[in-house]
Amino acid sequence: MFKIPFAASLVVLVAGAAVAQERTPLDQFVEGFPLVLEKETRAADYNELFRGGDPSAYFNMRVSEFLPTAILPSRVGPMPLAENPMPEIGEIEVDMTSESSLPSPLSLDAFLEQSPGAQAYMVVYKGQIVYEKYPRMRPEDHHVWMSSAKPTASLVIDQLISEGKIDQNAPVTDYLPDFKGTPWDGVTTKDIMDMASGMDLEDTSESRFDPDNIARRVYEAEFGFPNETRGVEKLRDVLRSTPKREEPGQAFHYASGLTQMLVILAEEVENDRWAQIFDRRVWSKVGAEGALQIHLTPDGIAAAHGLVSSNLRDFARFGMLYTPSWNKIATEQVVTDEILARIRDGVRSHEFMMAGFDGAVFADYLGSNDFIANSRQWDILWPDGDMWKGGLMTQGLYVSPSRDLVIVYFNVNNDDHSGHRYPRAIATSGLFDE
């Protein structure tokens, strides 16, 4: 079985701890990867696998070769997206981040041409594809979403809340008997949804080096790698052992382990595995072009915090579930008006977000801090209701329900996160305001 020492989904993204290695131009991998790189990737350690080099490029598009994977087919068949190109989108310019070696400002077209890690970019407006480019991958290829997948978990929980199966203001231990009597007592589902649990499992650079750190142990358990002092652990056991850091609700502390708590919560309430729950409740309603891949821990727990893979158009279809054009790609309204209102109306304060370790980091990635805060596994919510979720190596999902707009993109880039700056500039460019 494939093993890596520590596969944190946001440690590198947040802390900038890893440095990109020498890499082969991604253009050379469009038609496939050489056998020598497959062998190198299979032997890679954590730093090699997630720092943005050649093994990262292979792993991002071939996760199912390394981890157990649940395959969710397109059950209703493809519901094609119309195309109405708007080339002016490619002319929109943004300033690059300070870490970038690219000229600044730079148009989106130029960025996709010049950025060595840019693989694919798509804009969907009112259910039509208005911009779509694949500079360094094929349209049909699967690519991992990384942490942009986190809203898949919160969506399922929000559905259960709407059905009265979960009280978001009740202690999560009301639903998880084996967590009773642990520091999780008093932490609510809403606290977990907003990454405001007060539990000490935040993804940080320091967690890579401390074998007792919960974040490190979470990822080691997910990949079946033995902890230095405890051996191979089960993910649920690691989460149950999490100590308390502070009272819930004090600040935003990013932790992929919290997303996994939502997965466990859904499985407990529904008495079913998360992949089947998500298939039944969400993906079976979507007219996808390809299969959705849900990658699993050795004991079958879906790593919904980031290890989800699809082609770019199906990634966009997931985002479209949050827009008025949901009926162009789904047979049922999966994201209800009630769920959208809960995301918008339950958002915490800007001060809450900036009090955490990650608030300033996201402001730097986005080039501004005009957002309100995070909400229900979405990293950013703006006053106009737009939402954004980023992922390791610069994956992204941007949804503007009011504009009926979705923006998605794939990259292999840890040393330049400038790609995150385009979605907000596109949405507020005036091209989509009526």
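Note: the structure precedes this text.
Conventions we followed
- Residues numbered from 1 in each chain as written.
- Predicted model: local features only at pLDDT ≥ 70, side-chain atom pairs only at ≥ 80, totals over all residues.
- Heavy atoms only, no water.
- Helix = DSSP H or I, 4+ residues; strand = E, 2+ residues; numbered from the N terminus.
- Rg over C-alpha atoms; globule rule 2.2 N^0.38 Å.
- Buried < 20%, exposed > 50% of the residue type's maximum accessible area, 1.4 Å probe, protein only.
- Contact = heavy atoms within 4.5 Å.
- Lys, Arg positive; Asp, Glu negative; His and termini not counted.
- Charge placed at Lys NZ, Arg CZ, Asp CG, Glu CD.
- 1 Å grid on protein atoms, 1.4 Å probe; cavity = no way out; pocket = protein on both sides within 12 Å on 5 of 7 lines; lining within 4 Å.
- Points joined across faces, edges and corners; volume = space filled by probe spheres on them.
- Core = buried A, V, L, I, M, F, W, Y, C linked by side-chain atoms within 4.5 Å.
- Pairing = 2+ DSSP bridges.
- Axes fitted to C-alpha atoms, helices over the stretch in contact; angles between N-to-C directions.
- Parallel < 35°, antiparallel > 145°, perpendicular 65-115°, else oblique.
- Nonpolar A, V, L, I, M, F, W, Y, C, P; charged D, E, K, R; others polar.
- Polar contact = N/O pair within 3.5 Å; in protein donor to acceptor, adjacent residues only side chain to side chain.
- Salt bridge = Lys/Arg side-chain N within 4 Å of Asp/Glu carboxyl O.

### Quick word on the overall build of the protein
Next, step 1: Counting secondary structure elements, the protein contains 16 helices and 14 strands.
Next, step 2: The C-alpha atoms of the protein give 20 Å as radius of gyration, which agrees with the globular expectation for 434 residues (22 Å, within 12%).
Next, step 3: Taken along the three principal axes of its C-alpha coordinates, the protein extends 60 × 50 × 45 Å.
Next, step 4: Out of the 434 residues belonging to the protein, those deemed buried represent 64%.
Next, step 5: Considering only contacts in the protein between residues 6 or more positions apart, those separated by 24 or more positions represent 68%.
Next, step 6: Charge separation in the protein, taken as the distance between the mean sites of 39 positive and 65 negative side-chain charges, equals 5 Å.

### Describing empty space enclosed by the protein
Next, step 1: Counted by the stated rule, this structure contains 3 cavities of 30 Å³ or more.
Next, step 2: Considered as a void within the structure, the largest cavity measures approximately 60 Å³ in volume.
Next, step 3: Looking at the largest cavity, the residues that line it are Met-195, Ala-196, Ser-197, Gly-198, Met-199, Leu-201, Glu-202, Arg-245, Ala-251, His-253, Ala-255 and Leu-258.

### Focus on the nonpolar core
Next, step 1: One finds Tyr-121, Val-123, Ile-294, Leu-321, Tyr-322 and Ile-426 to be the most contacted residues of the largest nonpolar core, which totals 144 residues.
Next, step 2: Ignoring sequence-local partners within four residues, the contact set of Tyr-322 consists of Pro-151, Leu-155, Val-335, Leu-340, Ile-343, Trp-378, Met-387, Val-399 and Pro-401.

### Here we look at the sheet that holds strand β6 (residues 128-133)
Next, step 1: Judged by pairing direction, the sheet is mixed, and its 8 strands sit side by side in the order β2-β6-β5-β14-β13-β12-β11-β10 without closing on themselves. Edge positions in the open sheet fall to β2 (82-83) and β10 (373-375), since each of these has one partner strand only.
Next, step 2: By the bridge criterion, 2 bridges tie strand β11 (residues 378-381) to strand β12 (residues 387-391) in an arrangement that is antiparallel. Paired with Ile-380 across the bridge in β12 is Trp-388.
Next, step 3: Sitting on the sheet, helix α12 (residues 312-320) touches β2, β5 (118-125), β6, β13 (395-400) and β14 (405-411), and the angle it makes with β14 is about 145°.
Next, step 4: Docked against the sheet, helix α13 (residues 337-345) engages β10, β11 and β12, running at close to 75° with respect to β11.

### Topic: α12
Next, step 1: In terms of residue burial, α12 counts as a mostly covered element, since 9 of its 9 residues are buried.
Next, step 2: Every buried residue of α12 is listed here: Leu-312, Arg-313, Asp-314, Phe-315, Ala-316, Arg-317, Phe-318, Gly-319 and Met-320.

### Some thoughts on the packing of helix α10 (residues 256-270) against helix α11 (residues 274-281)
For any two helices packed against each other, the geometry is given by the interaxial angle and the distance between the axes.
Next, step 1: Two elements in contact, α10 and α11, have axes separated by 9 Å at closest approach and are oriented at 75°. One element, α10, and the other, α11, form an angle in the roughly perpendicular class. Residue-level inspection shows Val-263, Ala-266, Glu-267 and Glu-270 of α10 in contact with α11, the latter providing Trp-274, Ile-277, Arg-280 and Arg-281.
Next, step 2: For the contact of α10 with α11, the residue count by class is 4 nonpolar, no polar and 4 charged.

### Examining the side chain of Asn-227
Next, step 1: Its location among the elements puts Asn-227 in the loop between α8 (214-223) and α9 (235-240).
Next, step 2: There is a polar contact of 2.9 Å between the side chain of Asn-227 and the side chain of Thr-229.
Next, step 3: Setting aside its immediate chain neighbours within four residues, Asn-227 contacts Pro-211, Arg-217, Glu-220, Val-232 and Glu-233.

### Looking at the pattern of salt bridges
Next, step 1: Under the criterion given, the structure shown has 43 salt bridges.
Next, step 2: Taking the shortest distance from any N to any O, the salt bridge between Glu-267 and Arg-273 comes out at 3.1 Å.
Next, step 3: Overall, Glu-267 belongs to the buried group, its relative accessible area being 11%.
Next, step 4: You can call Arg-273 partly exposed: its relative accessible area is 37%.
Next, step 5: In this structure, the salt-bridge partner of Asp-433 is Arg-403, at a minimum N-O distance of 3.1 Å. Of the two residues, Asp-433 is situated in the segment after α16 (422-427) and Arg-403 in the loop between β13 and β14; the sequence distance between them amounts to 30 residues.
Next, step 6: For Asp-433, a relative accessible area of 46% puts it in the partly exposed group.
Next, step 7: Salt bridges here are not isolated pairs; linked through shared partners, they connect Glu-83, Glu-132, Glu-289, Arg-313, Asp-314 and Arg-317.

### Things to note about unusual backbone geometry
Next, step 1: Following Ser-104, the chain continues into Pro-105 via a peptide bond in cis, with omega recorded as 0°.
Next, step 2: One non-glycine residue, Lys-126, lies in positive phi territory at about 50°.
Next, step 3: Residue position: Lys-126 is located in the loop between β5 and β6.
Next, step 4: Of note in this structure, Asp-404 is not a glycine but carries a positive phi near 60°.
Next, step 5: Position of Asp-404 among the secondary structure elements: in the loop between β13 and β14.
Next, step 6: For Asp-404, a relative accessible area of 10% corresponds to the buried category.

### A short note on the side chain of Ser-100
Next, step 1: With respect to the element layout, Ser-100 can be found in the loop between β3 (93-94) and β4 (106-107).
Next, step 2: Those residues within four positions of Ser-100 in sequence are excluded, and the remaining contacts are Asp-416 and Ser-418.

### Looking at the pairing of β6
Next, step 1: Inspection of the sheet shows β2 paired to β6 by 2 bridges, in the parallel sense. Its bridge partner lying in β6, Glu-83 is registered against Ile-129.
Next, step 2: Here 5 bridges tie β5 to β6, and the two strands are oriented antiparallel to one another. When the sheet's bridge partners are listed, Tyr-125 is paired in β6 with Gln-128.
Next, step 3: Taking the residues that link successive antiparallel strands as the turn, the β5-β6 hairpin has 2 residues, and the phi of Lys-126 there is positive, at about 50°.

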